Amino acid sequence: MKIGIMGGTFDPIHIGHLVAAETVREGLKLDEVWFMPSHIPPHKAEAGFSAEERMEMVELAIGTQPAFRTLDIELRRGGVSYTVDTMGELVTKYPDTRFHFIIGTDMVNYLPKWNRIEELAGLTRFAAVGRGGYELHQEVVPEAVASVIDYFDMPQLEISSTEIRSRLKSGRSARYLVPENVHDYLQRSGHHAAYARTID
Ligand code: ATP
Ligand code: MG
């Protein structure tokens, strides 16, 4: 099996995440892509949606693509989610599976700062997609890590969860930036109001 791991906070999930996952699924002929929300440490818990809400929106968003699944391994583990711990667990649990961890340009540039990055590069390959608004700085990535990154072109989408949260906060909609059913979820009474309360 060849599996893509789409990790992120998904606070909330948006079409940039979905296009990234679909681009890599096609490009690498992956069997499946697993969307894996990271746990947010307690001190950040009020920055956005709860873990349950983030996961619920991911489930809504991937609903129509049979090759997409969710993975709650980091939510269940709690604490700070280090990808190296997660991939170590997955590689042990699925010894016959090859993993490809999907990241946007901003994360490629940040790879040198990831916890135990060279160990991680021994556990998974990376699938990098161009992210609108971020210039790629491949030169900052150590050679041992650079050699396990595959690059894919995708339509440049300058969309971020941060920008969506700021829209919601000021009462604007995220329609078309998120899938229709996620938009409906955000609009549904209760969630939107509760969210606005937590970030004020
Ligand atoms: P935030 O603004 O809260 O950081 P985000 O939009 O960056 O949210 P994350 O959950 O942090 O979303 O990102 C998860 C992964 O998806 C990261 O690897 C990130 O680079 C990638 N990604 C997010 N948005 C895009 C996009 N518009 N195009 C390509 N990749 C993206
Ligand atoms: Mg981000």
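Look up a bit, the structure's there.
Novice: Would you explain the layout of surface pockets in this entry?
Specialist: Over the atoms a probe the size of a water molecule is rolled, and this reveals where empty space is left. Estimated volume of the largest pocket: approximately 1,300 Å³. Together, 45 residues line the largest pocket, and Gly7, Gly8, Thr9, Ser38 and Met107 are the ones closest to its centre. Where the lining of the largest pocket is concerned, the elements lending two or more residues are strand S1 (2–8), helix H1 (15–28), helix H4 (83–93), strand S4 (98–104), helix H5 (105–110) and helix H8 (161–169). Residue composition of the lining of the largest pocket, by class: 22 nonpolar, 16 polar and seven charged.

Novice: Whenever I open this one, the site of ligand 1 confuses me. Can you help?
Specialist: Surveying the vicinity of ligand 1 reveals 22 residues, the closest of which are His14, Asp106, Leu157, Ser161 and Thr162. At 2.6 Å from an oxygen atom of ligand 1 is found a side-chain nitrogen or oxygen belonging to Asp106. Contact distances for ligand 1 include 3.1 Å between a nitrogen atom and a backbone N or O atom of Ile159. Within the complex, the protein chains bury 89% of what would otherwise be the 600 Å² of accessible surface of ligand 1.

Novice: Which parts of the structure should I look at to understand the sheet that holds strand S3 (residues 68–70)?
Specialist: Two strands in a sheet stick together by hydrogen bonds in their backbones, pointing the same way (parallel) or opposite ways (antiparallel). What the six strands build is an open sheet, ordered S3-S2-S1-S4-S5-S6; its pairing is parallel. Looking along the sheet, the strands with just one partner apiece sit at the ends: S3 and strand S6 (149–152). Strand-to-strand twist of the sheet, defined as the mean angle between neighbouring strand axes without regard to direction, takes the value 30 degrees. With five bridges connecting them, S1 and S4 associate as parallel partners. Following the sheet pairing, Lys2 is matched in S4 by Arg98. The strands touched by helix H2 (residues 51–62) within the sheet are strand S2 (32–37) and S3, with S3 carrying the most contacts at an inclination of about 165 degrees. Helix-sheet contacts for H4 involve S1, S2 and S4, and the interaxial angle to S4 is about 155 degrees.

Parameters at a glance
Residues numbered from 1 in each chain as written. Chains lettered and ligands numbered in written order. Predicted model: local features only at pLDDT ≥ 70, side-chain atom pairs only at ≥ 80, totals over all residues. Heavy atoms only, no water. 1 Å grid on protein atoms, 1.4 Å probe; cavity = no way out; pocket = protein on both sides within 12 Å on 5 of 7 lines; lining within 4 Å. Points joined across faces, edges and corners; volume = space filled by probe spheres on them. Helix = DSSP H or I, 4+ residues; strand = E, 2+ residues; numbered from the N terminus. Nonpolar A, V, L, I, M, F, W, Y, C, P; charged D, E, K, R; others polar. Near = heavy atom within 4 Å. Polar contact = N/O pair within 3.5 Å; in protein donor to acceptor, adjacent residues only side chain to side chain. Areas by Shrake-Rupley, 256 points an atom, 1.4 Å probe, with all protein chains shown as cover. Pairing = 2+ DSSP bridges. Axes fitted to C-alpha atoms, helices over the stretch in contact; angles between N-to-C directions. Contact = heavy atoms within 4.5 Å.

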